[in-house]
Amino acid sequence: MSKRLTCDVVIVGAGMVGAACALYAARAGLDVVIVDRGPVSGGTTGAGEGNLLVSDKEPGPELDLALLSGRLWAQLAEELGGLGELGEVIEYEAKGGLVVASTPDGLAALERFADEQRAAGVVAGPVQDGALYDLEPHLAPGLPGGVYYPQDCQVMPALAAAHLVRVSGARLLTGCTVTDVLLKTDGTVQGIRTDRGDILAPTVVNAAGTWGGEVAALAGVTLPVLPRRGFVLVTEPLPRLVRHKVYAADYVADVASDSAALQTSPVVEGTAAGPVLIGASRERVGFDREFSLPVVRALAVGATQLFPFLSDVHAMRSYLGFRPYMPDHLPAIGPDPRVPGLVHACGHEGAGIGLATGTGHLIAQLLSDKTPDLDPAPFRPDRFPEFPEEEDT
Amino acid sequence: MNSPLDLADAHPGPAFTVTLDGRAIEALPGQTVAAALWTAGVTSWRTTRGAGRPRGIFCGIGVCYDCLVTVNNRPNQRACLVPAHPGDAIRTQEGTGHDD
């Protein structure tokens, strides 16, 4: 089968970020086609927890993008998307996040971090002594306190991506592999070549997530996206025993770390469907999909320390995914000056669901020559050296 | 000569008793809880969390988690994988199987 399509923008990747780019680009009046070699949400989007977090981000460009994205998610949730309120169909929950310290020193450090976040626009409330157990009655006894972040929310990510694609009205081609980025003789983008024909467009958006480096390479440029593996442990369905996203203060340090070695810190949350999701592990082991009992065991130990009742609960299954890791922990968002017409929207590491709306919104503003709501300079895709030195392993 | 035991040339040991919601049913050594329930003519033993729809065996091989059942006070066991033991107290379950 061969067909030739023409459009304004072709988006490579039907995950959460590609879906959000499609939605905001279509709303800016652009004719959009989305392609993905697999199904919608078939990569990292379908392998996460669906967190929309501000709590784990230090002040800086990523936090600014998270705050913008949070406002956009709240707006989307209230829209009527044809099947009822969009927030309901994508299981949007403004549940709030609770970060728990295990020692008085840890609590002091957490409160200092929250002070810095407040100055950047985050709502963060101190939680001490008994108040901790009013928020989460089943937490382990004896914890000194924590910080509560009401802006932390959750969606069901696979549903969110699928419904944003649907609402966008963009044409969707799944099972369609991009084999080349077509360039004109002057080096500007002409479209893409796929195993099902060419798609001509003056703009190609690379929303291929963890595989964004491969798409960049098809256009002849480097983008240093690396996979950072994570496991999630899923319990049997339970009544609402965990009300917020609850995690240990160590999680923030793990997220910000550059180490390739295994790190785990307990992250526990209930879901609208009933199961409790337990994370979070981080390790750079390439695209290895092998189940790892030591990792999952470490997750279970951490979670039961936080919530002792979990020791009597069945874990039904686990899944794993590959976060798109960038060396400086910031995504690549915006036009690539090395190839006019190539635009990147990838490399969001473990925060892609949360950051998707802001990313799609900025991309649409950049594509329609509007002044973006945030300065995109920190996200420049060409900010890395062209030939990075080999990393120590 | 067309019963499942005949077809498999199976010669199981003597039957024993388990209970389903207090009612005695017979099971054979080696049978799973699901097989014992099916043999007793029971095809549904749980209702879904949302709409309360009936559920029993779907995949039969431990993958789909549709056949969840409470065995000896432990909810959400996969009936298709859990072996039946003499005296097991099997209970139908609603919702999450925990007291909501």
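Here, every reference points to the structure presented above.
Residues numbered from 1 in each chain as written. Chains lettered and ligands numbered in written order. Predicted model: local features only at pLDDT ≥ 70, side-chain atom pairs only at ≥ 80, totals over all residues. Heavy atoms only, no water.

## Structural notes on the overall build of chain B
- Within chain B, the secondary structure is distributed over two helices and eight strands.
- Ordered by position in the sequence, the α and β elements of chain B form the string α-β-β-α-β-β-β-β-β-β.
- Against the compact-globule benchmark of 13 Å for 100 residues, chain B has a radius of gyration of 14 Å, which places it among compact chains.
- Projected onto its principal axes, the C-alpha coordinates of chain B cover approximately 45 × 25 × 20 Å.
- By the burial criterion, 35% of the 100 residues in chain B qualify as buried.
- Counted over contacts in chain B with a minimum sequence separation of 6, partners at least 24 positions apart contribute 34%. (Helix = DSSP H or I, 4+ residues; strand = E, 2+ residues; numbered from the N terminus. Rg over C-alpha atoms; globule rule 2.2 N^0.38 Å. Buried < 20%, exposed > 50% of the residue type's maximum accessible area, 1.4 Å probe, protein only. Contact = heavy atoms within 4.5 Å.)

## Regarding the packing of helix α1 (residues 16-27) of chain A against helix α10 (residues 352-367) of chain A
Residues and elements named next belong to chain A.
- Running from amino to carboxyl end, α1 crosses α10 at an angle of 35°, the nearest separation of the two axes being 8 Å. For α1 against α10, the interelement crossing comes out right-handed. Here Met16, Val17, Ala20, Cys21, Tyr24 and Ala25 of α1 lie close against α10, whose contacting residues are Gly352, Ile353, Ala356, Thr357, Thr359, Gly360, His361, Ile363 and Ala364.
- Classifying every residue of the contact of α1 with α10 by side-chain character gives ten nonpolar, five polar and no charged. (Axes fitted to C-alpha atoms, helices over the stretch in contact; angles between N-to-C directions. Left-handed = near helix turned anticlockwise from the far one by under 90°. Nonpolar A, V, L, I, M, F, W, Y, C, P; charged D, E, K, R; others polar.)

## Describing the nonpolar core
Residues and elements named next belong to chain A.
- Ranked by internal contacts, the top residues of the largest apolar core, which has 66 residues, are Ile11, Met16 and Trp73.
- The contacts of isoleucine 11, once residues within four sequence positions are left out, are Gly18, Cys21, Ala22, Val32, Val33, Ile34, Val35, Val205 and Ala207.
- In this structure, Val12, Val204, Val225 and Met326 belong to the second largest nonpolar core, which totals 28 residues. (Core = buried A, V, L, I, M, F, W, Y, C linked by side-chain atoms within 4.5 Å.)

## Section: the interface of chain B and chain A
- On the chain A side, the residues contacting the ten residues of chain B number ten residues.
- Together, the buried faces of chain B and chain A total about 870 Å²; carbon and sulfur atoms form 56% of this surface.
- In terms of surface lost to chain A, no three residues of chain B exceed Arg49(B), Tyr65(B) and His98(B), which account for 49% of the buried area on that side.
- At the junction of chain B and chain A, the tally comes to zero salt bridges.
- Summed over the shared surface of chain B and chain A, the result is five residue pairs in polar contact (both at pLDDT 80 or more).
- Along the lines of polarity and charge, the residues of the side of chain B that touches chain A split into two nonpolar, four polar and four charged. (Buried area = accessible area lost by both parts, 1.4 Å probe. Salt bridge = Lys/Arg side-chain N within 4 Å of Asp/Glu carboxyl O. Polar contact = N/O pair within 3.5 Å; in protein donor to acceptor, adjacent residues only side chain to side chain.)

## Brief notes about helix α9 (residues 293-306) of chain A
Residues and elements named next belong to chain A.
- Look at α9: 20 Å from first C-alpha to last across 14 residues, which is about the 20 Å you get at 1.5 Å a residue.
- The complete set of buried residues in α9 reads Val295, Val296, Leu299, Gly302, Ala303 and Leu306. Down the axis of α9, the buried set is contained in an arc of 125°. They therefore lie on one face. Residues of α9 that are exposed and angled more than 90 degrees away from the buried face: Pro294, Arg297 and Gln305.
- On its buried face, α9 is in contact with β5 (97-101), β14 (226-237), β15 (245-248), β16 (263-270), β17 (275-282) and β18 (315-325). (Expected span 1.5 Å × (residues − 1). Arc of directions from axis to C-beta.)

## A look at the sheet that holds β16(A)
Residue and element names in this part refer to chain A.
- On the basis of which strands lie adjacent, the open sheet formed by eight strands has the order β6-β7-β5-β15-β16-β17-β14-β18 and mixed pairing. Edge positions in the sheet fall to β6 (125-128) and β18, since each of these pairs with one other strand and no more. Going across the sheet, the axis of each strand differs from the next one's by a mean of 25°, ignoring polarity.
- The sheet contact formed by β15 and β16 spans two bridges and is antiparallel. Looking at the pairing, tyrosine 247 lines up with valine 267 of β16.
- Seen against the sheet, helix α4 (residues 104-119) touches β5, β6 and β7 (145-149) and runs at an angle of roughly 20° to β7.
- In this fold α9 packs onto β5, β14, β15, β16, β17 and β18, with an angle of close to 55° to the strand it touches most, β16. (Pairing = 2+ DSSP bridges.)

## Some thoughts on the side chain of His163(A)
- Here His163(A) shows up in helix α6 (residues 157-168).
- Non-local contacts of His163(A), meaning those with residues more than four positions away in its chain, are made with Leu83(A), Leu86(A), Val89(A) and Ile90(A).

## A short note on the pattern of salt bridges
Residue and element names in this part refer to chain A.
- Throughout the structure, instances matching the rule amount to 16 salt bridges over all chains.
- A salt bridge links aspartate 31 to arginine 171; its shortest N-O distance comes to 3.0 Å. Placement of aspartate 31 in the loop between α1 and β3 (32-36) and of arginine 171 in strand β9 (residues 171-174) is noted, with a sequence separation of 140 residues between them.
- Its salt-bridge partner being aspartate 328, residue arginine 383 comes within 2.7 Å of it at the nearest N-O pair. Linking arginine 383 in the segment after α10 with aspartate 328 in the loop between β18 and β19 (332-335), this pair joins segments that are 55 residues apart in sequence.
- Its relative accessible area of 24% is what places arginine 383 among the partly exposed residues.

## Brief notes about the pairing of strand β12 (residues 197-200) of chain A
All names here are of chain A.
- Two elements, strand β1 (residues 5-6) and β12, share two bridges in a ladder whose sense is parallel. Note on β12: the bridge partner recorded for leucine 5 is isoleucine 199.
- As paired elements, strand β11 (residues 189-194) and β12 share four bridges and run antiparallel to each other. Bridge pairing in β12 links isoleucine 192 to isoleucine 199.
- Between β11 and β12, which pair antiparallel one after the other, the connecting turn spans two residues.

## Section: the sheet that holds β11(A)
- Strand order in the open sheet formed by four strands is β1-β12-β11-β10 (chain A), with mixed pairing between adjacent strands. Of all the strands in the sheet, the pair left with one neighbour each is β1 and β10 (178-183) of chain A.

## Comments concerning the state of the cysteines
All names here are of chain A.
- Scanning all chains against the criterion turns up zero disulfides over all chains.
- Summary of cysteine pairing: cysteine 176 is not part of a disulfide, and the nearest cysteine sulfur, belonging to cysteine 7, is at 12 Å.
- A relative accessible area of 2% means that cysteine 176 is categorised as buried. (Disulfide = S-S within 2.5 Å.)

## Thoughts on helix α2 (residues 61-78) of chain A
- The terminal C-alpha atoms of α2(A), which comprises 18 residues, lie 26 Å apart, in line with the 26 Å expected from a rise of 1.5 Å per residue.
- Inspection of α2(A) places Leu63(A), Leu65(A), Ala66(A), Leu67(A), Leu68(A), Ser69(A), Leu72(A), Trp73(A), Leu76(A) and Ala77(A) among the buried residues, and these make up the whole buried set.

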